[in-house]
Amino acid sequence: MPTQIPDNKNPQKPKMPRFNLNWIYIIVIGTLAFMLFQGNGLSSDSSYNKEVSYTVFKDYIAKGYTEKIKVDMGKGEVSMVIKPANVREVFKQGTDRTGKMPTVSTRYPSTDKIEDYLDSQNFKGDVTYEKSSDVWFNLLSSLLPIIILVAVWIFFMRRMGSGGSGGVFSVGKSKAKLFDKENGTQVTFKDVAGQEGAKQEVQEIVDFLKNPSKYTELGGKIPKGALLVGPPGTGKTLLAKAVAGEANVPFFSMSGSDFVEMFVGVGASRVRDLFSQAKAKAPSIVFIDEIDAVGRARGKNASFGGNDERENTLNQLLTEMDGFGTNSGVIIMAATNRVDILDKALLRAGRFDRQIHVDLPDLQERVAIFHVHLKPLKLEEGLDVDFLARQTPGFSGADIANVCNEAALIAARHNHTSVVKQDFLDAVDRIVGGLEKKTKVMTAAEKHTIALHEAGHASVSWLLEHANPLVKVTIVPRGQALGAAWYLPEERNITTKEQMLDEICATLGGRAAEELFTGHISSGALNDLETVTKRAYGMVAFLGMSESLFNLCYYNNEEYGFTKPYSDKTAERMDEEVRQLIATQYERAKKILSEHAGQHAALAALLEQREVIYTEDVEAIFGKRPWKSRAEELLETENLALEGVTPQQAEAETDDEQAANASSATPPPMPKAESEETGEEAGQ
Ligand code: NHX
Ligand code: ZN
C-alpha cells in the first residue's frame, strides 16, 4: 500500500441547531405573563382577607371585633384578625376556609396616626408594628426571577452568536473580520509558498484593484468575483488575504457558515451588512470562506422547507453581487473545495465567473512550504528538506504545518536538543496512520504471519520494475491495520498498464506469502483484495486494458441515469476478465516469492525482530534496484531543461490532464484510517 493521503473530505463544520426566534419569544413572554398573574407575588399568606375603607376599619375596632392588629408602616397598611365570634358579621358567612386566618385590612392616610385612634378606643389587644420593605423592594423581588431569566436568555443568545461582538443585539450584523494595514495583518505573495500558478492568476485581480482605470478606460468591465477552488488546507484563505495585501486594500473575511444562523432572516441581513461595510471601504476585497455552506445548489431537499433560510441568504448574495456596479471597487473572492455542488447561478457571468484552482502542492512546492514552516523550529544540522518533501506526497500546506509542529512536539517528548529527521518521520506516520497501538495482544504465530505478509509486499515490490518505491515496512499496529508496507506513490500524470499490473502484483504479495510460507490464507488481506479488485475493475471496465474488452470504456457516468451502458453478457465478461487478471498477478507474485524464498525469509525474520525496517534494510538483502525512480528521472529531465534541450514538453503536460483523470478512476490503493472503530471492535 502506498503512503496514505490524509482524509481531507470532511471540511464541514458541525452546524448549530436552528430554531425559530418566535419560539423563544413565546417561551419568554409566556413565563413573564405566568409570573405576573401568579398573584403578583405581593401579599401571599395563608389568610383570607377583606379590604375595607378606613372608616369601616375603625368601626370594626370600635365594635371590638378584633384582639390583634398589625400595623405595617412600610406599606401604609393596617390589618386586623377578626375574632371567631365576629367572622359571620364581617364576612357574611362562616369560617369554612379551614385553617385560614380571617383578616380585614385597610390603607390608612399617612397623616393619620392609627396609634392615637387605638388609644382613644382604649384598645386592649395586641398591636404589632412592622416596617415591611417598601413597594419598590417588593416589586423588585418579584421581578428578580424574570430578570434572571432574561439574563440567562441573553447569555445563551450571545454564546450561540459564537462570541461575536454584539451577541443577540446584533444578529443581523455581519461578523466579518477586517484585515487592513491598520491592524497590521497584511499578507503578501511572499508569505504564500508554492502555488505559483494560482498566484499568477490572482495577480490580475491585484492589478484590477490597484489601477482600475487601466482596464475601464478601454471599456472593459472589472470582474466582480473569483472562486478559489481546491482541497482544504491548500492556502485559499492565505492567497485571498495576500491579494488584499498586495493591492493594499481592506480585506473582509467571513465564513459561509457564519451566515447561516438559527434566526430566520439573519443570513440575508448579514450579507447586506457585509457588502455595505465593504462598499464603504472600497476598493476592498470580500472573502467568503466555505461558500458551499450557503451556495449549495437550491431546490434539493426543498420539500422539507429546511433550506429556506439558506436559500434566502444565497439569493441575497446573488442580489448584492448583481446590485453593485462593476466599478464599485469591491471584489468578492470565495473559497470552496466542491465547485460541483455549488448553485449554477453563482457561477454565471458577472458573479463568480473566474475559477482559480489551488491544487495540492507538488514536490518542489512542498519543499518551499517546508522551508516556511521549518523556520521557527530548532533543527538538526543538515536536515534534508528535499527528503521530507519526498516523504509527504499528497500533503497540503496545512498538513505540512501540522507535520512540522508534531515533529517539534515529538522531539521535545524525546528530550532531543533539536528536531531530527526521525522526529519528522514519526510525525508523518502519526498524521497519516493514526496512533500506534503498541499494546495489542498477539500470539507469536499471528505476529509471524503478519511479518510474512508484509515481507511479501516488500519483496515483490522490490523485484518489480514499475512498483512504487518502498519506504518502510512495519508490523506495529496502527489505526485499523496490523501492519503495513509503505510506498511513495509516484505523482504520475499517466499510468501505464504495466505499472498498474505491477502494483496489483505487489499488493497481492502479502497473501501470496501467507499461502506459500504458512500454508494458510487469512482475513488480513481484506484491504489488499479490496484495492486490487477496484483497480482491476477500473482497468477492465474503464480503461479498456483487457483483451476481450479492449479499448472499450464503460464509464459509469451519472448522466446515463440508471441504465447500465452494457449488456449482461458484457458484465459477465468484465467479471471474468477481472478474475483472470487478478489470478494471473497472484500467480506471478507467488512465482516471484518462491524464486526468492530465502531473501523473503530473511526479510520477514528481520521484520519480526525489529518491527520496523527501512529501504536500506531491504536493499541490504535484495541488492540495489536496477531501475530509476520517477524522482530521479525528473531530476534528469530538469537538468536537461536547464541546458535548454526540452522542446515540446510544456504543451504535452496540459493535454495529459484527461488521461490523468481517467486513470484516477482506479485510485491508488491506500489504507483507510476512517473506519478506526470497526477495526478496534474486530480486534478485540
Ligand atoms: C481485523 N485487521 O480487523 C484486523 C485488526 C493482518 C496481514 N481483524 O494488508 O491489517 O486484519 O499489508 C472484519 C474481518 C480489516 C473486519 C476482517 C477489517 C480484516 C493490512 C484487514 C495486515 N498490510 N488487515 C495489510 C491488516 C486486519 C481487515 C476486517 C477484517 C495484516 C493487514 C486488516
Ligand atoms: Zn497487505
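Residues numbered from 1 in each chain as written. Chains lettered and ligands numbered in written order. Predicted model: local features only at pLDDT ≥ 70, side-chain atom pairs only at ≥ 80, totals over all residues. Heavy atoms only, no water.

Visitor: How would you summarise the packing of helix α21 (residues 597–610) against helix α22 (residues 615–622) if you had to cite specific residues and measurements?
Guide: Packing of α21 against α22 brings their axes to within 10 Å, and their N-to-C directions diverge by 150 degrees. Overall, the two elements α21 and α22 adopt an arrangement that is roughly antiparallel. With respect to the hand of their crossing, α21 and α22 are arranged in right-handed fashion. Contact residues: Gln 599, His 600, Ala 602, Leu 603, Leu 606 and Arg 610 in α21; Asp 617, Val 618, Ile 621 and Phe 622 in α22. Considering only residue class, the contact of α21 with α22 consists of six nonpolar, two polar and two charged. (Axes fitted to C-alpha atoms, helices over the stretch in contact; angles between N-to-C directions. Helix = DSSP H or I, 4+ residues; strand = E, 2+ residues; numbered from the N terminus. Parallel < 35°, antiparallel > 145°, perpendicular 65-115°, else oblique. Left-handed = near helix turned anticlockwise from the far one by under 90°. Contact = heavy atoms within 4.5 Å. Nonpolar A, V, L, I, M, F, W, Y, C, P; charged D, E, K, R; others polar.)

Visitor: For the confidence of the model for the protein, give the residues involved together with the corresponding values.
Guide: Per-residue confidence for the protein gives a mean pLDDT of 79, with 78% of residues at or over 70. Across residues 162–168, where pLDDT falls below 50, the model places nine contacts with residues more than four positions away in sequence or in other chains. (pLDDT = per-residue confidence, 0-100.)

Visitor: Which residues make up unusual backbone geometry, and what values go with them?
Guide: Phi at Asn 415 takes a positive value of approximately 55 degrees, unusual for a residue other than glycine. Summarising the element assignment, Asn 415 is placed in the loop between α15 (397–413) and α16 (421–433). For Asn 551, which is not glycine, the phi torsion reads 65 degrees and is therefore positive. By the secondary structure assignment, Asn 551 is in the loop between α19 (526–542) and α20 (568–595). For Asn 551, a relative accessible area of 59% puts it in the exposed group. (Buried < 20%, exposed > 50% of the residue type's maximum accessible area, 1.4 Å probe, protein only.)

Visitor: Describe in detail the site of ligand 1, supporting the description with residues and values.
Guide: Contacts to ligand 1 come from 14 residues, most closely from Glu 454, His 457, Leu 482, Gly 524 and Asp 528. One of the side-chain nitrogen or oxygen atoms of Asp 528 is found 3.0 Å away from an oxygen atom of ligand 1. A class-by-class count of the residues in the shell around ligand 1 yields five nonpolar, seven polar and two charged. (Near = heavy atom within 4 Å. Polar contact = N/O pair within 3.5 Å; in protein donor to acceptor, adjacent residues only side chain to side chain.)

Visitor: Please give an account of the sheet that holds strand β3 (residues 77–82) that cites residues and values.
Guide: Pairing is mixed across the open sheet formed by five strands, whose spatial order is β1-β4-β3-β2-β5. Of all the strands in the sheet, just β1 (47–51) and β5 (126–130) have a single pairing partner and so form its edges. Sheet twist, expressed as the mean angle between neighbouring strand axes with direction ignored, is 25 degrees. (Pairing = 2+ DSSP bridges.)

Visitor: Explain helix α8 (residues 236–247) to me, and be specific about the residues and the numbers.
Guide: The end-to-end C-alpha distance of α8, which contains 12 residues, comes to 17 Å, matching closely the 16 Å that a straight helix rising 1.5 Å per residue would cover. Counting buried residues along α8, nine of its 12 residues qualify, which places the element largely inside the surrounding structure. Along α8, the residues that are buried comprise Lys 236, Leu 239, Ala 240, Lys 241, Ala 242, Val 243, Ala 244, Gly 245 and Ala 247. Elements in contact with the buried residues of α8: β6 (177–179), α6 (196–210), β7 (225–229), β8 (251–255), β9 (284–289) and β10 (330–336). Immediately beyond the C-terminal end of α8, within one or two residues, lies Asn 248, with a positive phi of roughly 60 degrees. (Expected span 1.5 Å × (residues − 1).)

Visitor: I'd like a description of a nonpolar patch on the surface, backed by residues and values.
Guide: On the surface, Trp 136, Leu 139, Leu 143, Leu 144, Ile 147, Ile 148, Val 152, Phe 155 and Phe 156 cluster together into a nonpolar patch covering about 860 Å² of accessible area. Relative to the helices and strands, Leu 143 resides in helix α5 (residues 135–160). You can call Leu 143 partly exposed: its relative accessible area is 31%. (Patch = residues over 30% accessible without salt bridge, like charges linked within 9 Å, V, L, I, M, F, W, Y side chains within 5 Å. Areas by Shrake-Rupley, 256 points an atom, 1.4 Å probe, with all protein chains shown as cover. Salt bridge = Lys/Arg side-chain N within 4 Å of Asp/Glu carboxyl O.)

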